[in-house]
Amino acid sequence: MTTEKGIPSNSRVLMLFGQLEKLNRESMLVDPEIARQITAKVLHLIQTQDTEGDHVQGLQWHGGYPGDFGGGGRRIGVFVSKGGTGILLQLVIRASKESPPSEEFMLQLHSVLAKVGPKDRKFGVKARLNGALNVTVNLLKQNLQNHKLLLPCLLVLQVYSSNTVNAVSLGKNGVVELMFKIIGPYSKKNTSLLKVSLDTLGALLKSKTNAQRAVVHVPVLLYIYQDWHRNDTRHRHILIRKGILGCLKNITNIKLGRKAFIDADGMRILYNTSNECLPVRTLDPLINTSSLIMRKCFPKNRLPLSTIKSVFHHQLLCVPAGGPVAQLYNQPLGVDDVVDESDNYEDAEAENDTENEMEEKDRHAGNDDVETDINKLRPKETHSRPFEELKIYERFFMELSEDFQVFNFDNPKRGVTATPAAPKSHRPIIVPTTQALPPKNPTAAPLQGECPHPAPVPALDLDTINITKDQDGCGDHTHSRSHPGAGLEQELVQGLERVALDGAGPQAGGGGVNKHNRQPPILAGGVAARLGGEGEEMSAEDWAEEEESGEGAVLHVPDTALLLPLHDPDLYVEMVKSTRSVPQFSEVAYPDYLGHVAPTSREHILERVYGVQSPLPPFRTKIFQDIERLIHPNDILDKVVYDLDIQSCTVVDGGGSLKFNSQFESGNLRKAVQVRKFEYDLVLNSDINSNHYHQWFYFEVSGMRVGSPYRFNIINCEKSNSQFNYGMQVLMYSVQEAISGRPRWVRTGTDICYYKNHFSRSSIAAGGQKGKSYYTMTFSMTFNHKDDVCYFAYHYPYTYTTLKMHLQKLEALRTPQTYLRKDVLCETLGGNSCPLLTITAMPESTSNDQICQFRNRPLVFLSSRVHPGETNASWVMKGTLEFLMGSSPLAHSLREAYIFKIVPMLNPDGVVNGNHRCSLSGEDLNRQWQNPSPELHPTIYHTKSLLQYLAAIQRAPLVFCDYHGHSRKKNVFMYGCSLKETVWETNISATSCELHEDLGYRTLPKILSQMAPAFSMASCSFVVERSKEATARVVVWREIGVKRSYTMESTLCGCDQGKYKQPEYVLVGG
């Protein structure tokens, strides 16, 4: 290399290195002046520019803080690669043996080491083996007042401490205590030295052993921080203040440190100083670190539950000895499954991942999980079950042998097989109409011993019911009397309560009237509701007088048939009678009854603060409000307002509080605690026969005030991150909006955050891992309507009853050319039917060619909703069914080309009971495909049997696709299975013959990426992981031999590519 603008080339580095090497080989130390001169030239060389225009930050000891380690670039790299650091360390040892050591030579040696050390990965090990650690420490102890020599020594110690063994060794040598002699209160002198001392101390305290030594100094650090906070009014020394916080952050990584911090009133100190920093934007780094420390030190609390096991229990006829249910219910008495204290703490900084970093972590984790056994990546040669066992499934494939001789091709209803009658239910059902609205006046306080929960209703045959109003006004916890003289509006709303499907009173068409249960008739397109002057129920004579006079209030409900052709409230009521639930739900949520109209415009992602859980508004506001609970405990109400654990009276007290309810199909809310006047902590219920899986929520809220900002905190979420941190909002359904002609779910909520909280998660529910915490999903909501009833949900609800209604309505879409058959595949553990659909095109005639073509069409097998909380999978399935049954030319072509076998809901029990992931067996059904049990996993067992039967008769499906929803990624994408792509992700050595496979598995995803704007080919993966070997996709690929076996994932939160791409995150707040 040649010199450029006076800057020496790398050859100068090599020349000086040679001189140092020669110097080091001398048996006797040569003239110190010569060694000093050579070292000075090396230092000068690595501090100069490496390339034109690229200035290097040197050790700027005058007029500022020392810069980051670095500079010199390639020259330092050359110096290190030739062994320069080892030579310098040896020179340090030799120079220390002089009596007295040359101060200037030691200064230069340490200055060079501070520059080159960070570039040498083995620097710490070399220093320890050479004995240079003790030399630097002794030099530091002897020169505490010599700031000129102290600074480079501290910088070298900081590099030494990056090695954990070195940090422990230095701690044993008293360096931690030595650092506390250097740092001190506010001073305008030696600020550079103080900054380096704090950084060195922070590096040392990353060792737990050293952190334990520094616990006694926590009050000192807090005092120093307060002093710098008070006196650094112009904020010129933010790095020093941040360094002090960094030391506190490392000390509080251990339990003793957190206790010392609490005992020293650290929470109040950092809370107050952080609040004072809020107006200054440049102090955000201090607020950030303070928030992390306070969150970490917030005492771990129990969840406000007696047990984390689900409120509901379903007795299994067969409980495997080693299964999760056996472990759960064989737990020894006295074992606390709610809280687990541990000294382990996951650094909160690990939570501050961007969305891309989160996906990158998932990708690396997936690489560790890739299947490396090539034998497991090949299809099985033999079938595991004899054909005689599988022959019983022939009845589900009538189309493969149907000759259509008995069909009347002139009958427009040909090709439809009647669905078996659903079993009768023997329980009352409460159906919402406009009567679902609560009273305008506060609920009267119940008498002592009374409960505002619905009074028990005797079991009735629902086939003989008629619609009546609940007796005695006790049909719902929102009932109350109006005050005398209340206005017409109050009287009207008081009567808008749930309608009970009750068998009491005369039968429909009998002509009699029950005076106590008189109800205006449900009219086509609306519901009439009239009340007396004081809100009391009116007799039949009163009703007649009102009708004659034309007075009274009538509230019209929109005709949903015009808005939702596949939704029928009356049909829904009939369908819900046969839906079986473990809690025996007796209510129907208003959104499920009335239906949901799709959004009229594109939903936009909420404008978010950039950076997950960044301590900028709104996140830091939420965190500070949580910390205030500890600092100002007297301001906390801690009032339970809803509790499913109290079976006899779930609504504890409605006075002055919101009213909650989740006792309806797919509902999930276990407990609501009023924390402040407008703030509530919400606890979700575990999946039945489980103690975890908290994510899905669906509940009702009433009794709100208009214009008041309410805060809702769901405090027992389990996933470490969520799309709620990337612009996703909760869904809300307003009954007032619905009865005004806008029956729809809308994205809502502000100040939405998802972050780790102070509620400790039991190791029993965390797979044996200790020190885990729950996460809070918090959002704020301001209600627009007085006396509204609102429903909140994680995603658009889609109940099992909705599916049954849609399947029945689907027949209306059938054309004479469409073959549709509905079968019941099996019955679930909870007694619900699992439907199986067959859709294809009818043959044009009974000729041999037509019948042969009909029978030999390839099969496409679709399934959905194995995970109850992934409701978007059902909505995608609904769209699939409507399209396949539609009249478009493309749909007709598909029906003529393929036979579609569809299981639209693999986990009806989980959906009905509000589970997030499991069935009533307490297990994830999508991990049971390898060896499903007919007793515990009937839907999976029989679905797999269908596929095994097809494989046995050489009619394996051309495509298998299982619909899912993804809670952490955007777009729609597929997971497939490829031997070659899996091997590429591993270090498996395989020949090209072993890796030969048909690339047709990429065809369908490629087509979708070209046709569907929401589909992302880049997000697809065809790698087989060990953890997924028991999923439908992998088992069908490996055991059934379906090359095109997929899991199709649909996002819960929009797209980041294509025409539906959402805007990038922007920085808001200040």
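You'll find the structure just up there.
These numbers were taken from a predicted model, which means no experiment stands behind them.

Teacher, can you tell me more about the environment of Thr 846 here?
Here Thr 846 lies in the loop between strand E20 (833-841) and helix H29 (848-855). Note: C-alpha distance between Thr 846 and Asp 403 (443 residues apart in sequence) is 7.0 Å.

What should I look at first to understand the sheet that holds strand E15 (residues 745-748) in this one?
What links the strands of a sheet is backbone hydrogen bonding, and the strands pair in either a parallel or an antiparallel sense. In spatial order, the strands read E9-E12-E18-E14-E15; together these 5 strands make up an open sheet with antiparallel pairing. Of all strands in the sheet, those bounded by a partner on one side alone are strand E9 (659-661) and E15. On average, each strand axis in the sheet is tilted by 30° relative to the strand beside it, whichever way the strands run. The pairing of strand E14 (residues 730-734) with strand E18 (residues 789-793) spans 4 bridges and is antiparallel. Among the inter-strand pairings, Leu 731 is bridged to a residue of E18, identified as Ala 793.

Sorry, what's going on with the nonpolar core here?
Soluble globular proteins tend to bury their nonpolar side chains together. Counting 91 residues, the largest nonpolar core has Tyr 160 and Ile 627 as its most contacted members. Broken down by element, this core gets its largest block of residues, 10 residues, from helix H8 (residues 147-160). Those residues in contact with Tyr 160, other than ones at most four positions away along the chain, are Leu 89, Phe 123, Ala 127, Ala 132, Leu 133, Thr 136, Asn 166 and Leu 170.

Can you walk me through the packing of aromatic side chains in this structure?
Given two aromatic rings, their pairing is described by the distance between the two centres and the angle made by the two planes. Summed over all chains, the structure comprises 36 aromatic pairs. When the centroid spacing of 6.2 Å and the interplanar angle of 20° are considered together, the rings of Tyr 680 and Phe 712 count as stacked. Residue Tyr 680 is located in strand E11 (residues 679-683), and its partner Phe 712 is located in strand E13 (residues 709-717); the two are separated by 32 residues in the primary sequence. Relative accessible area serves as the criterion here: at 1%, Tyr 680 is assigned to the buried category. A ring pair is formed by Tyr 898 and Phe 900, whose centres lie 6.2 Å apart and whose planes are at 65°; its orientation type is edge-to-face. What makes Tyr 898 partly exposed here is its relative accessible area of 26%. Residue classification places Phe 900 among the buried residues on the basis of a relative accessible area of 7%.

I tried to follow the pairing of strand E25 (residues 1044-1051) on my own but got confused; where do I start?
Along a regular strand, successive side chains alternate from one face of the sheet to the other. Here E25 lies mainly inside the structure; 7 of its 8 residues are buried. In this structure, strand E23 (residues 959-966) lies alongside E25, joined through 8 bridges in parallel fashion. Pairing of His 966 across the sheet is with Thr 1051, part of E25. Where strand E24 (residues 972-975) meets E25, 4 bridges bridge the pair, whose relative direction is antiparallel. Bridge pairing links Met 974 to Met 1048 in E25.

Where do I start with a nonpolar patch on the surface in this structure?
The grouping of Phe 883, Leu 890, Ile 1007 and Met 1011 at the surface amounts to a nonpolar patch, some 390 Å² of accessible area in total. Along the chain, Met 1011 turns up in helix H35 (residues 1003-1011).

What am I meant to see in the packing of helix H10 (residues 175-182) against helix H11 (residues 191-204) here?
Axis angle and axis distance: for two packed helices, these are the angle between their axes and the distance between the axes, and together they describe the pair. H11 packs onto H10 with a crossing angle of 155° between their chain directions and a minimal axis gap of 10 Å. The angle between H10 and H11 places the two elements in the roughly antiparallel class. Crossing geometry of H10 relative to H11 is assigned as left-handed. Between H10 and H11, the contacting residues are Val 175, Val 176, Met 179, Phe 180 and Ile 182 on the first element and Leu 193, Ser 197, Thr 200, Leu 201 and Leu 204 on the second. Of the residues belonging to the contact of H10 with H11, the class tally is 8 nonpolar, 2 polar and no charged.

What should I look at first to understand the environment of Met 179 in this one?
Relative to the elements of secondary structure, Met 179 occurs in helix H10. Met 179 sits in the buried class, given a relative accessible area of 0%. The sequence separation of Met 179 and Leu 201 amounts to 22 residues, and the corresponding C-alpha distance is 6.3 Å. Not counting chain neighbours up to four residues away, the residues in contact with Met 179 comprise Leu 140, Leu 154, Ser 197, Thr 200, Leu 201 and Leu 204.

What counts and how
Residues numbered from 1 in each chain as written. Predicted model: local features only at pLDDT ≥ 70, side-chain atom pairs only at ≥ 80, totals over all residues. Heavy atoms only, no water. Helix = DSSP H or I, 4+ residues; strand = E, 2+ residues; numbered from the N terminus. Pairing = 2+ DSSP bridges. Axes fitted to C-alpha atoms, helices over the stretch in contact; angles between N-to-C directions. Core = buried A, V, L, I, M, F, W, Y, C linked by side-chain atoms within 4.5 Å. Buried < 20%, exposed > 50% of the residue type's maximum accessible area, 1.4 Å probe, protein only. Contact = heavy atoms within 4.5 Å. Phe/Tyr/Trp six-rings, centres within 6.5 Å; stacked < 30°, edge-to-face > 60°. Patch = residues over 30% accessible without salt bridge, like charges linked within 9 Å, V, L, I, M, F, W, Y side chains within 5 Å. Areas by Shrake-Rupley, 256 points an atom, 1.4 Å probe, with all protein chains shown as cover. Salt bridge = Lys/Arg side-chain N within 4 Å of Asp/Glu carboxyl O. Parallel < 35°, antiparallel > 145°, perpendicular 65-115°, else oblique. Left-handed = near helix turned anticlockwise from the far one by under 90°. Nonpolar A, V, L, I, M, F, W, Y, C, P; charged D, E, K, R; others polar.

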